[in-house]
Amino acid sequence: MTNRTPIKPGATIGILGGGQLGRMIALAGRAMGYRFVTMDPTEDAPCGQAADRQIVARYDDVDAAMQLAEISDVISYEFENVDARVAEVLESRAYVPQGSRLLRITQNRIREKTAIRELGIPVAPFRVIDSLDSLRAAIGELGLPAVMKTATGGYDGKGQWVLRSEAELAEAYETLSKAGTELIVEQFVPFQLELSVIAARNPSGELAVFPAAENVHRENILHLSIVPARVPDDIRQRAEAIARTIAERLDVVGLIAVEMFLTASGELYVNELAPRPHNSGHYTMDACVTSQFEQHVRAVCDLPLGSTELLSPVVMVNILGEHLQPVLDHIGQLPRTAKLHLYGKHESKPKRKMGHLNVLAPSVEEALAQIERLEIWTNKAEVHHD
């Protein structure tokens, strides 16, 4: 469909996926005057609560996707594992500025890492495997420890296995090969910490990059995002430049989150891409002139991008199912500069993301101390490799 940019407030934005990212896109966009319709299989989904309408349907429901296309001026997605047939229908019937090319790349770790490497940006050395023998051969070349992953699917540490000895190769291969997808083995990067940078780009080619976040994980789930990242300025600038290059060279429209590992020698390796708003960008909602969600709306509608200036040091802490009741119990003790965001999910489960807290303070050290004093997140956090 012909690009009808800019798409001005009053128009209807369709969102494929009804989770918390869609919810926060809709809340930001409604403040700007846009209307929203979302498609998700769960009734009264988080995004459905904030949208004007929800189409309750599976993500592979072509008829429902056609209905979404009919009533939307532009379609975006907050859920990247879109069925290929649905993506094809949406692109033929509606304006989908993010397109399907980037989806195709980022849905498959092999294609993703190959694309990044072809841009001249470092990724961990990797091999594609299709048998136990090829796994053994790959380990012979890459060494141990190494990380085996499914090429598709998997998030928050699922679909992967850190290989530490040859004795576990057979069990690891048997377990992950049950997914029925291609498998990839990566050399383990001995990283000091993980950084992520979110870049935005609109169809006119304007590009903006948010400040780099330092991410701390607990049991493979993001626990904290610390901004400014506690790294030298030159490393922050290099990380932001990498995200800018990826957004530009891959013709991104909307947002792309670039996760990177930083080694002790100052090297940066790109680990993963996510072509949408990202958990590590939630800090922008309260600490930047423009949030990642408003920026996403601006980008897909081809409006001028907003300022990404950081207004205050901030730490974002995720609220998982096991933290929700303690947070509510402590609501009277939350710091006055803390901003609570809950996602409207009906069922609270351990390890399920139920919301987040942005703590603004004169320094990230003070923000971290305020979080610690709440004694809600008491376990020692650990970094991950996914």
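Small disclaimer: the values here were computed from a predicted structure and weren't measured.

Engineer: Sorry, what's going on with the overall build of the protein here?
Structural biologist: On a plain count of helices and strands, the protein comes out with 13 helices and 17 strands. Its C-alpha atoms give the protein a radius of gyration of 21 Å, within 12% of the compact-globule value 21 Å for 386 residues. Dimensions of the protein, computed from C-alpha atoms along their principal axes, come out at roughly 60 × 50 × 40 Å. Counting the 386 residues in the protein, one finds 58% classified as buried. At a minimum sequence separation of 6, the contacts of the protein that also span at least 24 residues come to 63%. Counting only carbon and sulfur atoms, one obtains 47% of the accessible surface of the protein, whose full area is about 16,100 Å². Averaged over its 39 positive side-chain charges, the protein has a centre that lies 2 Å from the centre of its 51 negative ones.

Engineer: Would you take a moment to explain the environment of Ile246 for this structure?
Structural biologist: Of note, Ile246 is situated in helix H9 (residues 233-249). Linking Ile246 and Ser265, residues 19 residues apart in sequence, is a C-alpha distance of 23 Å. In this view, Ile246 contacts Leu119, Ile121, Val252, Ile256, Val258, Val270 and Leu273; residues no more than four positions away in its chain are not counted.

Engineer: When you look at the pattern of salt bridges in this model, what are you seeing that I'm missing?
Structural biologist: Opposite charge on two side chains makes pairing possible when the charged atoms of those side chains draw close. The final tally for this structure, using the stated rule, is 17 salt bridges. The partner of Arg276 in a salt bridge is Glu80, with the nearest N and O atoms 2.4 Å apart. On the criterion of sequence distance, the pair formed by Arg276 in the loop between strand E14 (268-274) and helix H10 (284-287) and Glu80 in the loop between strand E4 (74-77) and helix H4 (84-93) is long-range, its members being 196 residues apart. The same class applies to Arg276 as to Glu80, namely buried. In this structure, the salt-bridge partner of Glu272 is Arg109, at a minimum N-O distance of 3.4 Å. Pair noted here: Glu272 is in strand E14 and Arg109 is in helix H6 (residues 109-118), with a separation of 163 residues, a long-range link. The exposure classification of Glu272 matches that of Arg109, with both residues buried. One connected set of salt bridges, linked through shared partners, spans Arg30, Arg35 and Asp52.

Engineer: Whenever I open this one, the packing of helix H1 (residues 20-32) against helix H11 (residues 292-300) confuses me. Can you help?
Structural biologist: Angle between the axes and distance between the axes: these two values describe a pair of packed helices. At a minimum axis separation of 8 Å, H1 and H11 run at an interaxial angle of 70°. When the axes of H1 and H11 are compared, the pair comes out roughly perpendicular. Taken together, the residues of H11 that come into contact with H1 (itself represented by Leu21, Met24, Ile25, Ala28, Gly29 and Met32) are Phe293, Glu294, His296, Val297 and Arg298.

Engineer: What is the right way to look at helix H8 (residues 169-177) in this model?
Structural biologist: Residues spaced three or four apart along an α-helix point in a common direction, a consequence of the helix completing one turn every 3.6 residues. For H8, the set of buried residues is Leu169, Ala172, Tyr173 and Leu176. Seen from one end, H8 has its buried residues packed into an arc of 95°, which puts them on one side. Each element contacted by the buried residues of H8 is listed here: strand E5 (126-129), helix H7 (132-142), strand E6 (146-150), strand E7 (160-163) and strand E8 (183-187).

Engineer: What exactly am I supposed to notice about the sheet that holds strand E2 (residues 35-40) here?
Structural biologist: Adjacent strands of a sheet pair through backbone hydrogen bonds, lying either parallel or antiparallel. With parallel pairing, the 4 strands of this open sheet are ordered in space as E3-E2-E1-E4. Taken across any chain shown, the strands that pair with only one partner, and hence form the sheet edges, are strand E3 (53-56) and E4. Adjacent strand axes in the sheet meet at a mean angle of 25°, parallel and antiparallel pairs treated alike. Direction of pairing for E2 relative to E3: parallel, over a ladder of 4 bridges. Counted as the bridge partner of Thr38 is Gln54 from E3.

Engineer: Honestly, the nonpolar core in this entry has me stumped. Any pointers?
Structural biologist: Looking at soluble globular proteins, one finds that nonpolar side chains tend to be buried together. Judged by nonpolar contacts, the single largest core of 33 residues is most densely connected at Ile246 and Val270. Core analysis: the next-biggest nonpolar cluster, separate from the first, contains 22 residues, Ala11, Met24, Cys47 and Val297 among them.

Engineer: Is there a simple way to explain unusual backbone geometry in this structure?
Structural biologist: Most peptide bonds take the trans configuration, and most residues that are not glycine carry a negative phi. Backbone torsion omega between Leu144 and Pro145 reads 0°, so that peptide bond is classified as cis. Mapped onto the fold, Pro145 is located in the loop between H7 and E6. A cis amide bond links Val227 with the next residue in sequence, Pro228, at an omega value of 0°. Along the chain, Pro228 falls in the loop between strand E12 (221-227) and H9. The phi angle at Glu219 is positive, at roughly 50°, despite the residue not being glycine. Residue placement: Glu219 occurs in the loop between strand E11 (213-218) and E12. Positive phi values are uncommon outside glycine, yet Asp302 reaches one of about 60°. Inspection of the secondary structure puts Asp302 in the loop between H11 and strand E15 (314-320). For Asp302, a relative accessible area of 12% puts it in the buried group.

Engineer: What am I meant to see in the sheet that holds E6 here?
Structural biologist: Strand order in the open sheet formed by 4 strands is E5-E8-E6-E7, with antiparallel pairing between adjacent strands. With partners counted over all chains shown, the strands left at the sheet margins are E5 and E7, one partner each. Ignoring strand direction, the axes of neighbouring strands in this sheet form an average angle of 20°. The pairing of E6 with E8 spans 5 bridges and is antiparallel. Looking across to E8, one finds that Ala146 is bridged to Gln187. Where H7 meets the sheet, its contacts fall on E5, E6, E7 and E8, and the angle it forms with E5 comes to roughly 170°. Here H8 sits on the sheet and contacts E5, E6, E7 and E8; the angle it forms with E7, its principal contact strand, is near 170°.

Reading the values: the criteria
- Residues numbered from 1 in each chain as written.
- Predicted model: local features only at pLDDT ≥ 70, side-chain atom pairs only at ≥ 80, totals over all residues.
- Heavy atoms only, no water.
- Helix = DSSP H or I, 4+ residues; strand = E, 2+ residues; numbered from the N terminus.
- Rg over C-alpha atoms; globule rule 2.2 N^0.38 Å.
- Buried < 20%, exposed > 50% of the residue type's maximum accessible area, 1.4 Å probe, protein only.
- Contact = heavy atoms within 4.5 Å.
- Areas by Shrake-Rupley, 256 points an atom, 1.4 Å probe, with all protein chains shown as cover.
- Lys, Arg positive; Asp, Glu negative; His and termini not counted.
- Charge placed at Lys NZ, Arg CZ, Asp CG, Glu CD.
- Salt bridge = Lys/Arg side-chain N within 4 Å of Asp/Glu carboxyl O.
- Axes fitted to C-alpha atoms, helices over the stretch in contact; angles between N-to-C directions.
- Parallel < 35°, antiparallel > 145°, perpendicular 65-115°, else oblique.
- Arc of directions from axis to C-beta.
- Pairing = 2+ DSSP bridges.
- Core = buried A, V, L, I, M, F, W, Y, C linked by side-chain atoms within 4.5 Å.

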